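# Tertiary structure, described
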Amino acid sequence: MIFIELFFTFLKIGIFTFGGGLGMVALIQNEVVVKHHWMTLAEFTDIFAISQMTPGPVGINVATYAGYTAVLHAGYSPAWAVVGSLLASVAVILLPALLMVAVLRFLSAHRENRDVRNVMSALSLVVVGIVAAAALVLVGESSFGVVGYNRRFITSVCIFIAVVVLSMMPKKLTTTFGGRQFSLSRPSPIVLIVLSGAVGLLVYGW
Amino acid sequence: MLSLFVSFFKIGTFTIGGGYAMIPLMQREIVERRQWLDEKSFMEQISLSQAMPGVFAVNMATAIGYRQKGLWGAVSAVLGAVAVPIVIILLFAVVFNTFRDNVVVEHIFMGIRPAVVALIAVPVFNMARVAHVDWRNCWIPIVAALLIWLFDVSPVWVILAAAACGFIYGRAAE
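Residues numbered from 1 in each chain as written. Chains lettered and ligands numbered in written order. Predicted model: local features only at pLDDT ≥ 70, side-chain atom pairs only at ≥ 80, totals over all residues. Heavy atoms only, no water.

### Overview of the overall build of chain B
From N to C terminus, chain B includes seven helices and zero strands. The order of α-helices and β-strands along chain B, N terminus first, is α-α-α-α-α-α-α. For a compact globule of 174 residues, the expected C-alpha radius of gyration is about 16 Å, and chain B comes in at 20 Å, more than 25% above that figure. Taken along its principal axes, the extent of the C-alpha atoms in chain B is 60 × 50 × 25 Å. Among the 174 residues that make up chain B, the fraction classed as buried is 50%. For chain B, long-range pairs separated by at least 24 residues make up 42% of all intrachain contacts whose partners lie at least 6 apart in sequence. Summed over its atoms, the accessible surface of chain B is roughly 8,700 Å², and 70% of this surface lies on carbon and sulfur atoms. (Helix = DSSP H or I, 4+ residues; strand = E, 2+ residues; numbered from the N terminus. Rg over C-alpha atoms; globule rule 2.2 N^0.38 Å. Buried < 20%, exposed > 50% of the residue type's maximum accessible area, 1.4 Å probe, protein only. Contact = heavy atoms within 4.5 Å. Areas by Shrake-Rupley, 256 points an atom, 1.4 Å probe, with all protein chains shown as cover.)

### Here we look at the packing of aromatic side chains
Residue and element names in this part refer to chain A. Scanning the entire structure with this criterion turns up seven aromatic pairs over all chains. A ring pair is formed by Phe3 and Tyr76, whose centres lie 5.3 Å apart and whose planes are at 70°; its orientation type is edge-to-face. A residue pair is termed long-range when its members are at least 10 positions apart, and Phe3 in helix α1 (residues 2–15) and Tyr76 in the loop between α4 (58–73) and α5 (78–110) qualify at 73 residues. Residue Phe3 is classed as buried on the basis of its relative accessible area of 8%. Between Phe7 and Phe8, the ring centres sit 5.7 Å apart and the planes meet at 85°, which makes this aromatic pair edge-to-face. For Phe7, a relative accessible area of 21% corresponds to the partly exposed category. One aromatic cluster is present, built from ring pairs that chain together Phe3, Tyr76 and Trp80. (Phe/Tyr/Trp six-rings, centres within 6.5 Å; stacked < 30°, edge-to-face > 60°.)

### Focus on the domain arrangement of chain B
Under the domain assignment, chain B is made up of domain 1 (2–98) and domain 2 (119–173). For domain 1 of chain B and domain 2 of chain B, the distance between their C-alpha centroids amounts to 28 Å. (Domains from an automatic or database assignment.)

### Brief notes about the interface of chain A and chain B
On the side of chain B, 84 residues touch chain A, which itself brings 100 residues to the contact. By the criterion of area lost to chain B, the three top residues of chain A are Pro55(A), Met100(A) and Leu125(A), representing 8% of everything that side buries. Between the two partners, chain A and chain B, sit two salt bridges. Its salt-bridge partner being Asp115(A), residue Arg171(B) comes within 2.6 Å of it at the nearest N-O pair. Joining chain A to chain B, the criterion identifies 12 residue pairs in polar contact (both at pLDDT 80 or more). By residue number, the principal contributor to the side of chain A that touches chain B is helix α6 (residues 114–138) of chain A, which donates 22 residues. For the side of chain A that touches chain B, the per-class residue count stands at 63 nonpolar, 28 polar and nine charged. (Buried area = accessible area lost by both parts, 1.4 Å probe. Salt bridge = Lys/Arg side-chain N within 4 Å of Asp/Glu carboxyl O. Polar contact = N/O pair within 3.5 Å; in protein donor to acceptor, adjacent residues only side chain to side chain. Nonpolar A, V, L, I, M, F, W, Y, C, P; charged D, E, K, R; others polar.)

### So, a nonpolar patch on the surface
Judged by side-chain polarity, Trp139(B), Ile142(B), Val143(B), Leu146(B), Leu147(B), Trp149(B), Leu150(B) and Phe151(B) come together as a nonpolar surface patch covering roughly 790 Å² of accessible area. By the element assignment, Ile142(B) lies in helix α6 (residues 139–151). (Patch = residues over 30% accessible without salt bridge, like charges linked within 9 Å, V, L, I, M, F, W, Y side chains within 5 Å.)

### Some details on the side chain of Ser156(A)
All names here are of chain A. Within the fold, Ser156 resides in helix α8 (residues 151–168). Owing to a relative accessible area of 0%, Ser156 belongs among the buried residues under this scheme. At 2.8 Å, the side chain of Ser156 forms a polar contact with the backbone oxygen of Arg152.

### Focus on the pairing of strand β2 (residues 180–185) of chain A
With six bridges joining them, strand β1 (residues 172–177) of chain A and β2(A) adopt antiparallel strand pairing. Residue pairing for β2(A): Thr174(A) is matched across the bridge by Ser183(A). (Pairing = 2+ DSSP bridges.)

### Regarding the nonpolar core
If you look at the biggest cluster of nonpolar residues, it comprises 104 residues, and the most contacted ones within it are Phe10(A), Met26(B), Ile30(B) and Ile120(B). Top contributing element to this core by residue count: helix α4 (residues 56–98) of chain B, with 14 residues. Contacts of Ile30(B), omitting those with residues within four sequence positions, involve Phe8(B), Ile11(B), Gln35(B), Trp36(B), Leu37(B), Phe42(B) and Ile64(B). Ranked by size, the runner-up nonpolar core spans eight residues in total, among them Met100(A), Leu48(B), Met52(B) and Tyr66(B). (Core = buried A, V, L, I, M, F, W, Y, C linked by side-chain atoms within 4.5 Å.)

### Some words on the packing of α8(A) against helix α5 (residues 103–130) of chain B
Look at α8(A) against α5(B): their axes get within 8 Å of each other, and the N-to-C directions meet at 40°. It follows that α8(A) is oblique to α5(B) by the angle criterion. For the crossing formed where α8(A) meets α5(B), the hand is right-handed. Across the interface between the two elements, Arg152(A), Ser156(A), Ile159(A), Phe160(A), Val163(A), Val164(A), Ser167(A) and Met168(A) from α8(A) touch Met110(B), Gly111(B), Arg113(B), Pro114(B), Ala115(B), Val117(B), Ala118(B), Leu119(B) and Val122(B) from α5(B). Of the residues contributing to the contact of α8(A) with α5(B), the split by class is 12 nonpolar, three polar and two charged. (Axes fitted to C-alpha atoms, helices over the stretch in contact; angles between N-to-C directions. Parallel < 35°, antiparallel > 145°, perpendicular 65-115°, else oblique. Left-handed = near helix turned anticlockwise from the far one by under 90°.)

### Quick word on the domain arrangement of chain A
In terms of domains, chain A is made up of domain 1 (2–138) and domain 2 (151–204). On a C-alpha basis, the centres of domain 1 of chain A and domain 2 of chain A stand 29 Å from each other.

See below:
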């Protein structure tokens, strides 16, 4: 039964997510694409892009969208897919919220616990690797096309480099040229996603 | 209770990009406007919410709701934070699943996908700095990434192994 499976899958995703929405990407990918085959890697990438462009916590957006798509792909009607999406969101919220309440109740006693601190610093190291893995997993034909001298691959690499450069630039860049001052502020992820979509439209046609 | 809902409704609805993009608005609502927390405990709450598993914004809502009004306070703050985002993303899900096979939509996403990879890759370096990754411990994130990427190991096992190792290493170092 897909609904029970969905609920327990997102329960697991919620409690093992460290490092926010980005830490969740590799986890959801592993569960939803690799284990359960609820969607393709390309679809998953698109979901993440849309989740970053709409308001609200990215983790909730991804869970809602992924839940909807998974149920739809299992052959249910869109109405059931809405049920699935709500189920996935509730599941993602549930365990971390209970844990937070428990921690707040006993916080004073455990605040300076050495074991907790050691576990946390080990986790913070590993989360860096988990986010890196999320990026590496998405590097492939579904994102970049077939490697070689073709329009798709070259365009994809150019977009990738442009986004890396633009999102690593200083918050505000000011230069004087010909006595006039020009300034460029770092574009937000949503602007970069919209621009990349526009490039796709221009290059691949409509 | 209603004010918890309204405040987190604002925070959830008017921030795009999630998590850390929400901090400035949270600060204005929680510290300056409602004065639920002072500056120092707000900062402490942020680091606690980051360290805990789950979605950062939901962790913040749970904690502040619970501190103010107990369990139902937590529930109304979380509902406020996720209500509008869930409705909007559902609309997107319905629309995009309908037009999935549309050639134009596919072309737009062919442009977006490499950008998504870049947007996930770039924060890795910032996170590495915050986590104090250096040449002695850099093998830990590298091994974690390779296990997940090349061998499809679930991040769940990586997290559990790291937690166990951190615990044992800490005890052994004493």
